[in-house]
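Results of the structural survey
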Amino acid sequence: MTTTEHNPTAVGSGQNATASFARKERQAGPVDHERAGAIIGDALAALHEVVRRHQVTYAEYDALKGWLIDVGRTGEWPLFLDVFLEHVVEQVANADRKGAVGTIEGPYYIPGAPEFAAEADVPRRADEPGTPLLFEGTVTDLDGNPLDGALVELWHADDAGYYSQFAPGIPEWNLRAQIRTGEDGHYAFRTIQPAPYQIPTDGAVGAMVATAGWHPWRPAHLHLKVTAPGRAPVTTQLYFAGGEYVADDVAQAVKPELILHPTKSDSGEGNHVTYDFPLDPAE
Ligand code: MBD
Ligand code: FE
């Protein structure tokens with residue numbers, strides 16, 4: 001699958017993200033009706049309070065109903081939830097971590113990317129635009145001992161802000177790779193620096209952002225998932241110091257520990273940065 005056609009739409013990326021979520025392995029457990037009733041009841045009560053506080057009209061109620069229907073029809077629920085709600089779920093889930101800092105996963109993770117040992121030439125097009133980046137580091141325990149057999153998964157947007165498998169015309173595994181570490185816990189990815197990501201402006205979520213008078217941008221970021229035997233996995237993102245929207249992410253997923261400071265490569269071509277992942281013990 002290689003074409004040069006490039007016409008991403010909200011419906012296209014939304015439907016792909018919804019289909020990807022449908023394939024995801026989800027944890028299922030017994031329903032605790034007391035807890036469900038409390039959460040659902042409080043969520044509805046929060047909405048009731050907004051209606052009263054703002055004296056919401058029938059015209060606005062109908063606009064909301066139409067918008068909710070549109071979000072579902074275009075498959076944009078994963079986008080909406082991951083941009084506007086996931087950051088709080090992540091904070092609650094990871095509040096007690098001592099090691100590598102996590103942040104939201106977002107809608108564009110795909111398991112099973114091409115696997116490499118220790119060093120990856122990340123799959124990219126022959127003419128892939130963007131500043132070359134050598135991104136390397138070590139996976140360790142909380143005492144700094146390297147972890148053998150850790151898996152470091154990397155996925156990110158291209159130099160135009162688009163993700164393979166969610167925008168058309170990009171090879172299937174472009175800018176997606178995973179590395180299995182050896183005894184030294186070291187990993188190294190050769191890739192390019194991504195561009196900021198813009199929420200599609202032609203869909204329901206983009207329309208909501210525009211109606212509210214906000215901007216639709218996330219700062220340029222690398223997505224990572226790091227797992228190792230006996231350790232708590234971490235899902236995170238890394239950002240670039242001084243980059244646009246780092247201080248103003250629409251998804252509120254930036255944390256100070258996640259900001260990279262790349263330097264010019266010794267070779268003179270592109271940038272270089274190191275980042276280590278100390279993993280908490282498994283619970
Ligand atoms: C992204 O690339 C992303 O990382 C998130 C969290 C939401 C939408 C698009
Ligand atoms: Fe992303």
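All residue numbers here refer to positions counted from 1 along the written sequence of the relevant chain. Chain A is the first chain written and ligand 1 is the first ligand written, with later ones labelled in order. Thresholds applied to this predicted model are a pLDDT of at least 70 for local features of residues and 80 or more for the giving and counting of side-chain atom pairs; totals over whole chains, interfaces and linings are not thresholded and use all residues. Side-chain calculation: all heavy atoms of the structure are included, whereas hydrogens and water are not.

1. Description of the coordination of the iron ion (ligand 2)
The test is simple: Note on donors: an N, O or S atom is included if it sits within 2.8 Å of the metal, or within 3.2 Å for Na, K and Ca, and water is never included, so sites can look incomplete. Secondary structure counts use DSSP, requiring at least four H or I residues in a row for a helix and at least two E residues in a row for a strand, with both numbered from the N terminus. For every residue, the accessible area obtained with a 1.4 Å probe (protein chains only) is divided by the maximum for its type, and the residue is called buried under 20%, exposed over 50%, and partly exposed between those limits.
Coordination of the iron ion (ligand 2) by the protein involves Tyr163 (OH), His221 (NE2) and His223 (NE2), with metal-donor separations of 2.0 to 2.1 Å. Considered as a linear motif, the donors of the iron ion (ligand 2) on their single chain read Y-x57-H-x1-H. Remark: His223 occurs in strand S9 (residues 221-227) and Tyr163 occurs in the loop between strand S4 (151-156) and strand S5 (176-180); sequence separation between them is 60 residues. For the pair shown, Tyr163 and His223 are each scored as buried.

2. Examining the UniProt feature "domain: Intradiol ring-cleavage dioxygenases" (unreviewed entry) in the chain
This is how it is decided: UniProt positions are given in the numbering used here, feature names are shortened, and annotations may be inferred rather than shown by experiment.
With numbering aligned to this structure, UniProt lists the feature "domain: Intradiol ring-cleavage dioxygenases" (unreviewed entry) at residues 135-163. Spanning residues 135-163, this segment combines 0% helix with 41% strand, and its end C-alpha atoms are found 19 Å apart.

3. Focus: empty space enclosed by the protein
Heads up, the rule is: Whether a set of points on the 1 Å grid over the protein atoms alone is a cavity depends on a 1.4 Å probe fitting there but being unable to get out, while an open set qualifies as a pocket with protein on both sides within 12 Å along at least five of seven lines; lining residues are those with an atom within 4 Å of a point. Grid points are joined across faces, edges and corners, and a volume is the space filled by probe spheres set on the points. By the convention adopted, Pro, Cys, Tyr, Trp, Phe, Met, Ile, Leu, Val and Ala count as nonpolar, Lys, Arg, Asp and Glu as charged, and the other residues, Gly among them, as polar.
A complete count under the given rule lists two cavities of 30 Å³ or more for this structure. Size it by volume and the largest cavity reaches roughly 90 Å³. At the level of secondary structure, the elements contributing two or more residues to the lining of the largest cavity comprise helix H4 (77-84) and S9. For the lining of the largest cavity, the class distribution of residues is six nonpolar, four polar and two charged. What the second largest cavity holds in volume is close to 40 Å³. Forming the walls of the second largest cavity are Tyr109, Ile110, Ala113, Glu153, Leu154, Trp155, Arg176 and Ala177. Within the residue set of the lining of the second largest cavity, elements represented by two or more residues are S4 and S5. For the lining of the second largest cavity, the leading source of residues is S4, giving three residues. In terms of residue class, the lining of the second largest cavity is built from six nonpolar, no polar and two charged.

4. So, the packing of H4 against helix H6 (residues 204-212)
Where we set the bar: To obtain each axis, a line is fitted to C-alpha atoms, and for helices this fit is confined to the stretch in contact; angles are then taken between N-to-C directions over 0 to 180 degrees. Roughly parallel here means an angle under 35 degrees, roughly antiparallel means over 145, roughly perpendicular means 65 to 115, and every remaining angle is called oblique. Should any heavy atoms of two residues lie within 4.5 Å, those residues are considered in contact.
One way to put it is that H4 packs onto H6 with a least axis distance of 9 Å and a crossing angle of 40 degrees. Taken together, the axis directions place H4 and H6 in an arrangement best described as oblique. Facing Leu79, Phe80 and Phe84 of H4, the residues of H6 in contact are Val205, Met208 and Val209. Within the contact of H4 with H6, the residues separate by chemical class into six nonpolar, no polar and no charged.

5. A word on the sheet that holds S4
Two strands in a sheet stick together by hydrogen bonds in their backbones, pointing the same way (parallel) or opposite ways (antiparallel). Selection criterion: Any two strands are treated as partners once DSSP identifies two or more bridges connecting them.
Read from one edge to the other, the open sheet built from six strands follows the order S1-S5-S4-S9-S10-S11, with strand pairing classed as mixed. The two strands at the open ends of the sheet, each matched to only one other strand, are strand S1 (115-117) and strand S11 (259-260).

6. Here we look at unusual backbone geometry
With a phi close to 70 degrees, Gln165 is a non-glycine residue in the positive phi region. Checked against the element boundaries, Gln165 lands in the loop between S4 and S5. The phi dihedral of Gln252 falls on the positive side, at around 50 degrees, and the residue is not glycine. Residue placement: Gln252 occurs in the loop between strand S10 (234-240) and S11. By relative accessible area, which is 52% here, Gln252 ends up exposed.

7. Examining H6
Those residues of H6 not exposed but buried are Ala204, Val205, Gly206 and Val209. Structurally, H6 contributes buried residues whose contacts are with helix H3 (58-73) and H4. The positive-phi residue at the C-terminal boundary of H6 is Gly213, with phi of around 80 degrees.

8. Section: the pattern of salt bridges
What counts, and what does not: What makes a salt bridge here is a side-chain nitrogen of Lys or Arg within 4 Å of a carboxyl oxygen of Asp or Glu, nothing more.
A complete count under the given rule lists nine salt bridges for this structure. Two residues, Asp121 and Arg124, come together in a salt bridge whose shortest N-O distance is 3.0 Å. When its relative accessible area of 32% is taken as the criterion, Arg124 is described as partly exposed. A salt bridge links Asp158 to Arg125; the nearest nitrogen and oxygen atoms lie 3.1 Å apart. Here Asp158 is found in the loop between S4 and S5, whereas its partner Arg125 is found in the loop between strand S2 (119-121) and strand S3 (132-140), with 33 residues between them in sequence.

9. Quick word on helix H2 (residues 33-54)
The condition is simple: Between the first and last residue of a helix there are one fewer steps than residues, each counted as 1.5 Å, and that sum is the expected span. For the purposes of these results, a polar contact is taken to be a pair of N or O atoms within 3.5 Å, where, inside protein, one atom must be able to donate a hydrogen and its partner to accept one; residues adjacent in sequence count only when each atom of the pair is a side-chain atom.
Here H2 contains 22 residues, and its C-alpha end-to-end distance of 31 Å stays within 8% of the 32 Å for a straight helix at 1.5 Å per residue. For H2, the N-terminal capping position is held by Asp32, with its side-chain oxygen 3.0 Å away from the main-chain nitrogen of Glu34. Trailing H2 by a residue or two, Gln55 shows a phi angle of about 50 degrees, which is positive.

10. Regarding the site of ligand 1
The test is simple: If a single non-hydrogen atom of a residue is within 4 Å of a molecule or strand, that residue counts as near it. Accessible areas in this description were obtained via Shrake-Rupley with a 1.4 Å probe; residue shielding takes into account the shown protein chains only. For this analysis, a molecule is said to be in a pocket or cavity if more than half of its atoms are within 2 Å of the grid points defining it.
In the vicinity of ligand 1, the contacting residues are Leu79, Val83, Ile104, Gly106, Pro107, Tyr108, Tyr163, Tyr197, Arg218, His221, His223 and Gln237. The contact in question runs from an oxygen atom of ligand 1 to an N or O atom on the side chain of Arg218, over 2.9 Å. Note that an oxygen atom of ligand 1 is positioned 3.0 Å from one of the side-chain N or O atoms of His223. Alone, ligand 1 offers 260 Å² of accessible surface; in the complex the protein occludes 100% of this. Counting atoms within 2 Å of the grid points, the majority share of ligand 1 lands in the largest cavity.

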